[in-house]
Structure formats: structure tokens, C-alpha cells
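Coordinate analysis (summary)
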Amino acid sequence: QVQLVESGGGLVQAGGSLRLSCAASGITFSSYTMAWFRQAPGKEREFVANIYRDGVSTNYADSVKGRSTIFRDNAKNTVYLQMNSLKPDDTAVYYCAAGGPGSFYGKGRADFASWGQGTQVTVSP
């Protein structure tokens, strides 16, 4: 059974940083594309970033590009999202997702089969 468990969320002031983690189990982690999505109150869940199984190829949403870095440690079955220069607009529940190799080329919810429960990120002005 696939399990994705996020951690690292919290309350931070604008301009601050957070590192989110997602620990995976029940999958051959190194074979999966991993992604982060987020959902703000009253809004659709949106793509934030993804990383191919090689740990090198990445995609970012324009809204976080240059401020966030996704990376993975295949030995620890964990994917991370380092977020810097946070803004109040970054406030959302952040979800980790896992998909097959082809998921790297998609940025929609349907491209990823497995999801975590989410971790809340709140950025105060």
C-alpha cells in the first residue's frame, strides 16, 4: 500500500523559508516521478513542482520558480520542497504526489495516482 507522509509545514512570516518533506513507502521510490501540489482555500489544487526519478530533471510553476527547489533522496525515499522568499499567496495546504515516469510531462492531478494527506503552510504578511 502506497503511503506518502508530508511534514515541515507551519506558520512563517513573509520573506521566510520552509522545507517540506514527503516520506514514501509501499513503492519503488526511485522509479517514480514525485510532485508537490498546493490548494488554497476556495481554489483548485494546483501544480507546484515535480522531479523525475533521476533526481535531476525538474519542472516548476511560474508562481514559485526561482523561489523554490524540489529535490529528492532516493536512499531515504523522500522528496523535499525548499521554499524561500515566501509570500502570503503561498498560503495553502501542500500535497505530495507520486506518479509513473510519464507523469513528469503532466501537471494535472490526474497525472499522479498517489497522494499524501497534506501539510498546512501559512505565510503571514
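We now turn to the structure provided with this report.

Parameters and conventions
- Residues numbered from 1 in each chain as written.
- Predicted model: local features only at pLDDT ≥ 70, side-chain atom pairs only at ≥ 80, totals over all residues.
- Heavy atoms only, no water.
- Helix = DSSP H or I, 4+ residues; strand = E, 2+ residues; numbered from the N terminus.
- Rg over C-alpha atoms; globule rule 2.2 N^0.38 Å.
- Buried < 20%, exposed > 50% of the residue type's maximum accessible area, 1.4 Å probe, protein only.
- Contact = heavy atoms within 4.5 Å.
- Lys, Arg positive; Asp, Glu negative; His and termini not counted.
- Charge placed at Lys NZ, Arg CZ, Asp CG, Glu CD.
- Phe/Tyr/Trp six-rings, centres within 6.5 Å; stacked < 30°, edge-to-face > 60°.
- Lys NZ or Arg CZ within 6 Å of the ring centre and 35° of its normal.
- Polar contact = N/O pair within 3.5 Å; in protein donor to acceptor, adjacent residues only side chain to side chain.

1. With respect to the overall build of the protein
Check the secondary structure of the protein and you find 0 helices and 11 strands. Going residue by residue from the N terminus, the α and β elements of the protein occur as β-β-β-β-β-β-β-β-β-β-β. Here the C-alpha atoms of the protein give a radius of gyration of 13 Å, agreeing with the 14 Å that 2.2 N^0.38 yields for 125 residues. Overall, the protein is about 40 × 25 × 25 Å in size when its C-alpha atoms are taken along their principal axes. Across the 125 residues that make up the protein, the buried fraction comes to 46%. Across the protein, every contact between residues at least 6 apart in sequence was considered, and the portion connecting residues at least 24 apart equals 60%. When the 12 basic and 9 acidic side-chain charges of the protein are each reduced to a single mean position, those positions are 2 Å apart.

2. Quick look at the environment of Gly16
Summarising the element assignment, Gly16 is placed in the loop between β2 (10-13) and β3 (18-25). Taking the C-alpha atoms as reference points, Gly16 and Val93, separated by 77 residues in sequence, lie 17 Å from one another. If we skip the residues at most four places from it in the chain, Gly16 touches Met83, Asn84, Ser85 and Leu86.

3. Here we look at the packing of aromatic side chains
Any pair of aromatic rings gets described here by the distance separating the centres and the angle formed by the planes. Counted under the stated rule, the structure contains 6 aromatic pairs. Pairing Phe71 with Tyr80 gives two aromatic rings, centres 4.8 Å apart and planes at 20°, and the pair type is stacked. On the basis of relative accessibility, which here comes to 14%, the residue Tyr80 falls in the buried class. Relative to Tyr105, the ring of Phe104 lies with its centre 5.3 Å away and its plane at 85°, an arrangement referred to as edge-to-face. For Phe104, a relative accessible area of 9% puts it in the buried group. The class for Tyr105 is exposed, based on a relative accessible area of 67%. Members of the aromatic cluster, connected to one another through ring pairs, are Phe37, Phe47, Phe112 and Trp115. Above the plane of the ring of Phe29 lies Arg72, whose end atom (NZ or CZ) is 4.5 Å from the centre.

4. Some points on the side chain of Arg38
With respect to the helices and strands, Arg38 occurs in strand β4 (residues 33-39). Residue class for Arg38 comes out buried when judged on its relative accessible area of 6%. Here the side chain of Arg38 touches Tyr94 through a polar contact of 3.0 Å, side chain to side chain. Not counting residues within four places of it along the chain, the set of residues in contact with Arg38 comprises Glu44, Arg45, Glu46, Val48, Ser63, Val64, Asp89, Asp90, Ala92, Val93 and Tyr94.

5. Description of unusual backbone geometry
Positive phi, close to 55°, is recorded for Asn77, a residue that is not glycine. Checked against the element boundaries, Asn77 lands in the loop between β7 (68-73) and β8 (78-83). For Asn77, a relative accessible area of 27% gives the class partly exposed. Positive phi values are uncommon outside glycine, yet Ser85 reaches one of about 50°.

These figures come from the coordinates and say nothing about function on their own.
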